[in-house]
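Take a look at the letters that make up each chain.
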Amino acid sequence: MLHFKKLAMVAAVAALSFAGTAAAQTVLRSSDTHPDGYPTVEAVKYFGELIKERTGGRYSVEVYHSAQLGQEADTIEQVRTGVIDLNRVSMGPWNGLIPETTIPSLPYIFRSVEHARKVMNGPIGDEILAAFEPHGVVGLAFYDGGARSFYNSKKAISSIDDLKGMKFRVMQSDIFVDMVAALGASATPMPYGEVYTGIETGVIDGAENNFPSYDTAKHAEVAKFFSLDEHLIVPEVLVMSKRSWDQLSPEDQTLFRQAAKDSVTKQYELWDAQVAKSRSAVEAGGSKINELDKQAFIDAMKPVYDKHVKDPKLQDLVKRIQETQ
Ligand code: GTR
């Protein structure tokens with residue numbers, strides 16, 4: 001359902017002979033868990049500016065940041081049923097619903113952030129975007145979510161042995177639970193908004209995420225040890241409710257898809273700047289960041305692949321991603 005705020009748009013009188021026309025303006029509601037100013041929030045705002053400009057003001061976007069509309073699992077239901085029009089979320093919470101989303105959510109599937117950008121912004125990414133459509137949403141674009149590493153309140157992690165017996169929050173997906181188990185630790189799936197209190201009260205020892213989330217969600221205040229094992233590079237996705245999408249003309253659909261793609265470069269720029277800014281901020285705040293040898297972590301992930309990549313179609317996807325240079 002589109003959210004019509006039928007504002008009479010008084011056209012700015014640009015040409016002298018033009019008295020002004022009235023047009024219906026549709027304001028699309030979009031959700032994001034992150035605070036205002038975060039790269040994904042700003043990228044969706046930028047997407048909104050592009051569609052406003054390119055539709056002559058017929059459409060615009062209002063981003064409800066800071067989880068105002070709920071935690072990711074809830075907003076995914078809202079966008080699937082058409083309660084909200086757009087949503088920017090991680091790939092993780094889609095894993096139980098859309099098999100194709102599990103592949104870019106596998107530990108160490110990407111060799112680097114550059115590799116992930118190349119894959120997700122090319123034909124393989126388009127194929128994964130198309131997999132959203134039978135599930136009530138249209139996949140518009142993938143953004144960068146950087147590399148995720150473990151952080152905790154207890155000690156620096158330098159080897160798998162250090163993780164034994166520890167408890168980490170993960171996103172709500174079986175892959176992440178199995179990933180943590182394969183490292184000898186235990187995982188508790190919980191919404192992002194509960195992680196700070198979870199660590200503070202000792203319900204969990206830590207969590208795993210990228211520098212911008214660790215910093216802006218203030219997890220750095222309660223978990224000082226950030227160990228760079230970079231086990232996941234999970235892309236972010238921008239989706240539109242199929243119900244809202246079906247109300248767009250074919251021309252507008254093409255325009256929306258293009259504007260979303262055009263917002264990706266912007267998000268990458270904002271992302272790179274935010275990673276550097278957040279890393280400095282947490283270091284200044286007293287976080288201890290340590291490098292480690294990743295090979296043993298990579299090797300330990302074999303059972304996760306064996307369990308989650310059984311379907312030949314998914315196996316082929318893994319192969320093509322690994323072959324992408
Ligand atoms: C962030 C991601 C969010 C959310 C969060 C989490 O990096 O941008 O969409 O998935 O992680 O861990 O729940």
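Residues numbered from 1 in each chain as written. Predicted model: local features only at pLDDT ≥ 70, side-chain atom pairs only at ≥ 80, totals over all residues. Heavy atoms only, no water.

Asks: How should I be thinking about unusual backbone geometry in this particular structure?
Replies: Although it is not a glycine, Ser66 adopts a positive phi angle of roughly 55°. Looking at the element boundaries, Ser66 is found in the loop between β2 (59-64) and α2 (72-81). Its relative accessible area of 37% is what places Ser66 among the partly exposed residues. (Helix = DSSP H or I, 4+ residues; strand = E, 2+ residues; numbered from the N terminus. Buried < 20%, exposed > 50% of the residue type's maximum accessible area, 1.4 Å probe, protein only.)

Asks: What's the story with helix α3 (residues 113-120) in this structure? I'm lost.
Replies: Count 3.6 residues to each turn of an α-helix, and residues three or four apart come out pointing the same way. Listed as buried for α3 are His115, Ala116, Arg117, Val119 and Met120. Where the residues of α3 are buried, they touch α4 (123-130), β4 (137-143), α11 (250-284) and α14 (312-323). (Contact = heavy atoms within 4.5 Å.)

Asks: Looking at this model, I keep getting lost on the environment of Lys302. Mind explaining?
Replies: Structurally, Lys302 is set in helix α13 (residues 302-308). A residue is classified by how much of its surface remains accessible, and Lys302, at 52% relative accessible area, is exposed. Each C-alpha atom, one on Lys302 and one on Phe225, is 26 Å from the other, the two residues being 77 residues apart in sequence.

Asks: How should I be thinking about the sheet that holds β2 in this particular structure?
Replies: As summarised here, the arrangement of the five strands in space is β2-β1-β3-β10-β4, forming an open sheet in which the pairing is mixed. Looking along the sheet, the strands with just one partner apiece sit at the ends: β2 and β4. Here the strands of the sheet are splayed against their neighbours by 25° on average, with no regard to which way each runs. Relative to the sheet, α2 contacts β1 (26-31), β3 (86-90), β4 and β10 (236-241), its axis offset from that of β3 by approximately 145°. (Pairing = 2+ DSSP bridges. Axes fitted to C-alpha atoms, helices over the stretch in contact; angles between N-to-C directions.)

Asks: Is there a simple way to explain empty space enclosed by the protein in this structure?
Replies: The method is simple in principle: a probe with the dimensions of a water molecule rolls over the atoms, and the space it marks as empty is what remains. In this structure the tally under the stated criterion is two cavities of 30 Å³ or more. By volume, the largest cavity amounts to about 240 Å³. As for the largest cavity, its lining consists of 20 residues, and the residues nearest its centre are Glu72, Ser90, Arg169, Met171 and Tyr192. Grouping the constituent residues of the lining of the largest cavity by class yields six nonpolar, nine polar and five charged. Taken domain by domain, the lining of the largest cavity gets at least three of its residues from each of domain 1 (4-144 + 235-276) and domain 2 (147-233 + 280-323). Lining the second largest cavity, in full, are Ala116, Arg117, Met120, Phe142, Tyr143, Asp144, Gly145, Ile233, Val234, Pro235 and Tyr268. Elements that contribute at least two residues to the lining of the second largest cavity include exactly α3 and β4. (1 Å grid on protein atoms, 1.4 Å probe; cavity = no way out; pocket = protein on both sides within 12 Å on 5 of 7 lines; lining within 4 Å. Points joined across faces, edges and corners; volume = space filled by probe spheres on them. Nonpolar A, V, L, I, M, F, W, Y, C, P; charged D, E, K, R; others polar. Domains from an automatic or database assignment.)

Asks: How should I be thinking about the pattern of salt bridges in this particular structure?
Replies: When the charged atoms of two side chains lie near each other, side chains of opposite charge can form a pair. Under the counting rule described, the total for this entry stands at 22 salt bridges. A salt bridge links Asp144 to Arg117; the nearest nitrogen and oxygen atoms lie 2.8 Å apart. One end of the pair, Asp144, is in the loop between β4 and β5 (148-152); the other, Arg117, is in helix α3, and 27 residues separate them in sequence. There is no split in this pair, since Asp144 and Arg117 are both buried. For Lys307, the salt bridge is made with Asp178, and the minimal N-O distance between the two is 2.9 Å. A residue pair is termed long-range when its members are at least 10 positions apart, and Lys307 in helix α13 and Asp178 in helix α6 (residues 174-182) qualify at 129 residues. Taking the relative accessible area as the measure of exposure, Asp178 reaches 19% and is therefore buried. (Salt bridge = Lys/Arg side-chain N within 4 Å of Asp/Glu carboxyl O.)

Distances and angles like these do not, on their own, reveal function.
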